[in-house]
Amino acid sequence: MSAQGCQSAPVLRERGQREVFCGLTSIVWLHRKMQDAFFLVVGSRTCAHLLQSAAGVMIFAEPRFGTAILEETDLAGLADAQDELDREVARLLSRRTDIRQLFLVGSCPSEVIKLDLEKAAERLNAQHGPRTRVINFSGSGIETTFTQGEDACLAAMVPALAATEKRQLLVAGALPDAVQDQMLALLSGMGIEDVALLPAARAEDAPAIGPGTVVALAQPFLGDTLAALERRGARHLPAPFPFGEQGTTAWLAAIAAEFGVDDAVFERVTAAPRARARRAVAQAAAPLADRSVFFFPDSQLEIPLARFLTVECGMQAVEIGTPFLHRQVMGPDLAAIAPGPTLSEGQDVDRQLDRARAARPDLSVCGLGLANPLEAEGLTTKWAIELVFTPVHFYEQAGDLAGLFARPLRRRDALRLEGA
Ligand code: SF4
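Residues numbered from 1 in each chain as written. Predicted model: local features only at pLDDT ≥ 70, side-chain atom pairs only at ≥ 80, totals over all residues.

A.B. asks: Is there a simple way to think about the site of the ligand in this case?
C.D. replies: Taken together, 13 residues lie around the ligand, and Cys-22, Cys-47, Ser-107, Cys-108 and Gly-141 are the ones closest in. Of all the secondary-structure elements, those providing two or more residues to the shell around the ligand are helix 2 (45–55) and helix 5 (108–112). For the shell around the ligand, the element with the most residues is helix 2, which contributes three residues. Each residue belonging to the shell around the ligand can be placed in one class, and the counts come to six nonpolar, seven polar and no charged. (Near = placed C-beta within 6 Å. Helix = DSSP H or I, 4+ residues; strand = E, 2+ residues; numbered from the N terminus. Nonpolar A, V, L, I, M, F, W, Y, C, P; charged D, E, K, R; others polar.)

A.B. asks: Help me out: how do you make sense of the sheet that holds strand 4 (residues 101–106) in this one?
C.D. replies: Through backbone hydrogen bonds, the strands of a sheet pair up, either in parallel or in antiparallel fashion. With parallel pairing, the four strands of this open sheet are ordered in space as 3-2-4-5. In this open sheet, the two strands that pair with only one neighbour each are strand 3 (65–69) and strand 5 (133–138). Taking each pair of neighbouring strands and ignoring which way they run, the sheet shows an average axis angle of 25°. With five bridges connecting them, strand 2 (residues 37–43) and strand 3 associate as parallel partners. Bridge pairing links Leu-40 to Gly-66 in strand 3. Sheet strands touched by helix 6 (residues 117–128): strand 2, strand 4 and strand 5. Its angle to strand 5, the strand with the most contacts, is close to 170°. (Pairing = 2+ DSSP bridges. Axes fitted to C-alpha atoms, helices over the stretch in contact; angles between N-to-C directions. Contact = placed C-beta atoms within 7 Å.)

A.B. asks: Would you explain the UniProt feature "binding site: [4Fe-4S] cluster" (unreviewed entry) in the protein in this entry?
C.D. replies: Under the UniProt annotation, the feature "binding site: [4Fe-4S] cluster" (unreviewed entry) is placed at Cys-22, Cys-47 and Cys-108. Over a stretch of 87 residues, the named residues converge on one spot in the fold, their C-alpha atoms separated by at most 9.5 Å. The residue Cys-22 is located in the loop between strand 1 (11–15) and helix 1 (27–33) in this model. Beyond its immediate chain neighbours, meaning those up to four positions away, Cys-22 contacts Gly-139, Ser-140, Gly-141, Thr-144 and Phe-146. Secondary-structure assignment places Cys-108 in helix 5. (UniProt positions renumbered as here; feature names shortened; annotations may be inferred.)

A.B. asks: I keep staring at the domain arrangement of the protein and nothing clicks. Help me out?
C.D. replies: By convention, interface size is frequently given as the accessible area that disappears when the constituent parts associate. Its domain assignment divides the protein into domain 1 (11–17 + 279–419), domain 2 (23–144) and domain 3 (168–276). The distance between the C-alpha centroids of domain 1 and domain 3 comes to 25 Å. In this assembly, 30 residues from domain 1 lie in contact with 28 residues from domain 3. Only helix 11 (263–284), helix 12 (302–312), helix 13 (327–336) and helix 17 (398–419) provide two or more residues apiece to the side of domain 1 that touches domain 3. The class makeup of the residues in the side of domain 1 that touches domain 3 is 19 nonpolar, six polar and five charged. (Domains from an automatic or database assignment.)

A.B. asks: I keep staring at unusual backbone geometry and nothing clicks. Help me out?
C.D. replies: With the exception of glycine, the majority of residues adopt a negative phi angle, and the majority of peptide bonds are in the trans configuration. Look at the link from Gly-129 to Pro-130: it is a cis peptide, with omega at -5°. Topologically, Pro-130 is positioned in the loop between helix 6 and strand 5. Residue Pro-199 is reached from Leu-198 by a cis peptide bond, and omega for that bond is 5°. You can see Pro-199 is positioned in the loop between strand 7 (196–198) and strand 8 (213–217). A positive phi angle, close to 65°, is found at Asp-290, a residue other than glycine. Looking at Asp-290, the number of C-beta atoms within 10 Å reads 8, which means it is exposed. (Buried ≥ 20, exposed ≤ 12 C-beta atoms within 10 Å, placed from the backbone.)

A.B. asks: Teacher, can you tell me more about the pairing of strand 13 (residues 363–366) here?
C.D. replies: The side chains of a regular strand alternate between the sheet's two faces. The side-chain alternation of strand 13 yields two buried faces, one formed by Leu-363 and Val-365 and the other by Ser-364 and Cys-366. Here three bridges tie strand 10 (residues 292–295) to strand 13, and the two strands are oriented parallel to one another. From the neighbouring strand, Phe-295 faces strand 13, where its bridge partner is Val-365. The sheet contact formed by strand 13 and strand 14 (residues 381–383) spans three bridges and is parallel. Its bridge partner lying in strand 14, Cys-366 is registered against Trp-383.

A.B. asks: It is not clear to me how the pairing of strand 5 should be interpreted in this structure. Could you clarify?
C.D. replies: Along strand 5, six of the six residues are buried, which leaves the element largely enclosed by surrounding structure. Across six bridges, the pairing between strand 4 and strand 5 is parallel. What sits directly across from Leu-102, in strand 5, is Val-134.

A.B. asks: So what exactly am I meant to see when it comes to helix 11 here?
C.D. replies: Between its terminal C-alpha atoms helix 11 stretches 30 Å, which fits the 32 Å expected from 22 residues at 1.5 Å a residue. Along helix 11, the sharpest kink reaches roughly 45°, centred on Thr-270 and followed within four residues by the proline Pro-273. Within helix 11 the residues assigned to the buried category are Val-269, Thr-270, Pro-273, Ala-277, Ala-280, Val-281 and Ala-284. (Expected span 1.5 Å × (residues − 1). Bend = angle between axes of the 7 residues up to and from the residue.)

A.B. asks: Quick question: what am I supposed to make of the environment of Thr-145 here?
C.D. replies: With respect to the helices and strands, the residue Thr-145 is situated in the loop between strand 5 and helix 7 (148–157). Owing to 25 C-beta atoms within 10 Å, Thr-145 belongs among the buried residues under this scheme. C-alpha separation for the pair Thr-145 and Gly-260, spaced 115 residues apart in sequence, amounts to 38 Å. Once residues within four sequence positions are removed from consideration, Thr-145 is found in contact with Val-20, Asp-298, Gln-300 and Pro-323.

Okay, structure coming up:
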C-alpha cells in the first residue's frame, strides 16, 4: 500500500439525480439521545409521514417530536405562518414543561416558501428562554442527505455553548448509550476523565468550549459541526473513525498521544478488547474475504466503512461513493485504503447504476430506493441506513459490524446452494 493510500486519488464529482433520505430522518436517533429536547418539524404532511414511518413502531407516552403542518393557505401568508408557529410553540411548552431545548426543524416546504425559522427561533427564545432554549436547523431534502440532519442540529447548538479555557477532550457525534459508555470506560481507563459530549443527554450538561478543547469526531458526517467548533477556538484531532478493531485502536491512539497517555497504560487498557474484537471480526468476516463491494453515496459513513471492509475484512472496493468528501475529516481513513477504487462524490444515479451493472460487485451498499431494483438484477445489497440505526462503533461492536455486511452474502450463497 502506498503511504498516502487513496488520500490524493482523483475524485469523480457528480451532480445529478440523487436517491437519498432527507435530514429529518436524523431526528429519530437525536430525540433518543437528547432527553429534554423536542423536535418540531415545520413542514408538510409528507414530512410528518416520513418521520412517523422512519420512527417505525416506537410508541411514546410523551413523544418528543412532532410536525407543525404548513397548510396550503400558509403559502399565501407568511405572517400567518409565523403567528401560527408562535401559537403552536406556546401550546406545546405550556403542556410540556419538561422541554428544555426546542428545535425548530426546517423542511423543503418551509424553505421553498422562505419561512425564516432563524428569526422565529430568536423571537421564541425571547419569549420562552432561558427556561427553554429555541434553536433552528434545516432537515430539508434539498441538497442534503439524511445524516446531515445531525450535523445541522449540532452545528446550530455550538454558538450558544458556554466558553471555557479548560484543556479537555470533546467527543462530537450521537452514539447509542451503551456504546458511549464503552467509549467513556476506555478513555477513563487511560486516565482521561471528564470527557465533554456533544450532544449531551440534557441541556444542563451541554459542554463548554474554547481554545483548550480538542475535538474527536465519533461520526464522519459532522463537517459543519467541526467548522462551528473551530470557530469557537477548538482544535480537530484527525484520526480514522472507530469502526472495527484497527479503526478503534487508531482513534483511541490519537487521543492517547494528544493527552500524553503512557504506552504501557494504552496497551493495558486496549489489549483485551482488541483481542476480542480481532477474533470477532475474523469470525464474522469469513464470507467477505476477496469479495468486491460498491458503495453508493448515502450515509456519509462510506469512506470509513470502506477502510474497515478492505483493510480489516479482506474485501476489494470497486467504487466508494459518498455524498460529500470532506478531506480534513476523511483523510486518515482515505490514507489507509489501498489505491484502486473509484472515489466519487455526489450522485448521478443512472450513471452510477450503469457502473455498478458493469462491475457486478458481490455486495452493493446503497439506499433503500436502489436496493430492490439491484436485487431484481441479481446483485446483493446492504441498506446503508441500517448502519446508522445499529450500534457499530468501537471494539465490542466490531464483529457485529462485519456481520452486517456478511449476512446478505451468506443469504445469497445459501439461496444459490438451494437452487443448485
Ligand atoms: Fe420530503 Fe422535504 Fe419533508 Fe423531507 S423535508 S419529508 S424531503 S418534503
